[in-house]
Amino acid sequence: MSHYPDARFLTSAHQSGQFVEDAGREVAFAGRSNAGKSSAINALVNQRNFARTSKSPGRTQLINFFSLGDSQRLVDLPGYGFARVSRSMQSHWRKLMGEYFEARRSLSGLFVVVDIRRSIGDFDWQMLDWAEQIGCPAHVLLTKADKLKRGPAANTFQQVRKELPEGMTLQLFSATKRDGVEEARVVLDGMLAD
Ligand SMILES: Nc1nc2c(ncn2[C@@H]2O[C@H](COP(=O)(O)OP(=O)(O)OP(=O)(O)O)[C@@H](O)[C@H]2O)c(=O)[nH]1
Ligand SMILES: [Mg+2]
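Here the structure is a predicted model, which means the values were calculated and not measured.

**Student:** Tell me what's going on with the overall build of the protein, and back it up with residues and numbers.
**Tutor:** Of regular secondary structure, the protein possesses 5 helices and 7 strands. Counting from the amino terminus, the protein carries its helices and strands in the arrangement β-β-α-β-β-α-β-α-β-α-β-α. Taken against the 2.2 N^0.38 rule, which gives 16 Å for 194 residues, the C-alpha radius of gyration of the protein at 15 Å falls within 12% of a compact globule. Taking all 194 residues of the protein together, 47% fall into the buried category.

Here it is in structure tokens:
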């Protein structure tokens, strides 16, 4: 049974005019291409193939909006940092993300999804800076934790904790093993609550 039984896909936006109405509250998921954003969303709503996942990174250059019911939404942002995309795709990405972060009044929280084996990169910091600038709470999911042994995973956690501004939170996560799903839902529900 899903934790969000009314969860459903709303729309994919290629430009800001296609964003869903800016009312209620939404939490966006950002992260490098292939970091595991869509998998994290699927684990949280407990539905396979809810947000589409892929083995080939950089495919999703769209902003995908999902409803959780009650004018609460999840937003799957296009991945960044994929070297093989063209310049025009990179500038399209920058424009779309800039418009999203500047305009979105319903944005109530940001999840930054980071592959624990790569740690936090430049684009991740850019996302966290944007969130800080607009006073949006941010939470870092160190995902694919199943790929590391417990010791190295804990070390990465401590290292990232030291680098993160105090107000920001982080946790270990694995979509595959479903580790940290409950912890993440508590954070998500807190961001979505009025
Ligand atoms: N082992 C392991 N693999 C994972 C985990 N989460 C995601 N993956 C795998 O990582 C790959 C990318 O996952 P996605 O969820 O599609 O990543 P994404 O960030 O949405 O990627 P883009 O939409 O391309 O930006 C897939 O092959 C997933 O099966 C995890 O927690 N553990
Ligand atoms: Mg994805």
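**Student:** Go over the packing of helix α2 (residues 87-103) against helix α3 (residues 122-133), please, and point to the residues and values.
**Tutor:** At their nearest, the axes of α2 and α3 sit 11 Å apart, and the two run at 25° to each other. As summarised for this structure, α2 and α3 are arranged roughly parallel, according to the angle between their axes. As for the relative orientation of α2 and α3, their crossing is right-handed in sense. Touching Trp93, Met97, Gly98 and Phe101 of α2 are Phe123, Met127 and Trp130, all from α3. Looking at side-chain class alone, the contact of α2 with α3 contains 6 nonpolar, 1 polar and no charged residues.

**Student:** Describe the nonpolar core, and please don't skip the residues or the numbers.
**Tutor:** Formed by 34 residues in total, the largest nonpolar core has its most connected members in Ile63, Leu77, Tyr100, Phe101, Leu110, Met127 and Val140. Residue assignment for this core shows that the elements contributing at least two residues are β2 (25-31), β3 (63-69), α2, β5 (107-115), α3, β6 (138-143) and α4 (150-163). Sorting elements by how many residues they give to this core places α2 first, with 5 residues. If sequence neighbours within four positions are ignored, leucine 110 has contacts with Val27, Ala28, Ala30, Leu77, Phe101, Met127, Ala131, Cys136, Pro137, Ala138, His139 and Met191.

**Student:** Before we move on, could you go through the sheet that holds β2 and cite the residues and values that matter?
**Tutor:** The strand order across the open sheet formed by 7 strands is β1-β3-β4-β2-β5-β6-β7, and the pairing between neighbours is mixed. One side of each edge strand has no neighbouring strand; the edge strands of this open sheet are β1 (8-13) and β7 (169-172). The mean angle between the axes of side-by-side strands here comes to 20°, regardless of whether they run parallel or antiparallel. The sheet contact formed by β3 and strand β4 (residues 72-76) spans 5 bridges and is antiparallel. Bridge pairing in β4 links phenylalanine 66 to leucine 74.

**Student:** Break down the pattern of salt bridges for me, citing the residues and quoting the values.
**Tutor:** Taken as a whole, this structure holds 7 salt bridges when the rule is applied. A salt bridge links arginine 185 to glutamate 182, with the shortest nitrogen-to-oxygen separation between them at 2.8 Å. Taken together, the residues span about one helical turn, with arginine 185 and glutamate 182 both in helix α5 (residues 181-192) at a distance of 3 residues. On the basis of relative accessible area, arginine 185 is assigned to the buried category, the value being 8%. Overlapping salt bridges, with partners in common, bring together Asp22, Glu26, Arg73 and Arg104 in one network.

Scoring rules and cut-offs
- Residue indices follow the written sequence of each chain, beginning from 1 at its first position.
- Just so you know, chain letters begin at A and ligand numbers begin at 1, following the order they were written in.
- A pLDDT threshold of at least 70 governs which residues receive local features in this predicted model, and a stricter bar of 80 or more applies before side-chain atom pairs are shown or counted, although totals over entire chains, interfaces and linings include all residues.
- Side-chain metrics in this entry use all non-hydrogen atoms of the structure; hydrogen atoms and water are not considered.
- Segments assigned H or I by DSSP are reported as helices when at least four residues long, segments assigned E as strands when at least two residues long, and all are numbered from the N terminus.
- The quantity called the radius of gyration is restricted to C-alpha atoms. Its globule counterpart is 2.2 Å times the number of residues to the power 0.38.
- Buried means the residue's accessible area, taken with a 1.4 Å probe over protein chains only, is under 20% of the maximum for its type, while exposed means over 50%, and partly exposed covers the values in between.
- Whenever a helix is involved, its axis is fitted only over the stretch in contact; in every case the axis is a line through C-alpha atoms, and angles between N-to-C directions fall within 0 to 180 degrees.
- Note that the term roughly parallel is reserved for angles under 35 degrees, roughly antiparallel for angles over 145, roughly perpendicular for angles of 65 to 115, and oblique for everything else.
- A crossing counts as left-handed when the near helix is turned anticlockwise from the far one by less than a right angle, and as right-handed when that turn is clockwise.
- Residues are treated as being in contact if the distance between any of their heavy atoms lies within 4.5 Å.
- The nonpolar class holds Ala, Val, Leu, Ile, Met, Phe, Trp, Tyr, Cys and Pro. Asp, Glu, Lys and Arg form the charged class, and all remaining residues, Gly among them, are polar.
- To qualify as a nonpolar core, a set must consist of buried Ala, Val, Leu, Ile, Met, Phe, Trp, Tyr and Cys residues joined through side-chain atoms within 4.5 Å.
- In this scheme, strands are said to pair when DSSP sees at least two bridges between them.
- Salt bridge, as used here: a side-chain nitrogen of Lys or Arg that lies within 4 Å of a carboxyl oxygen of Asp or Glu.

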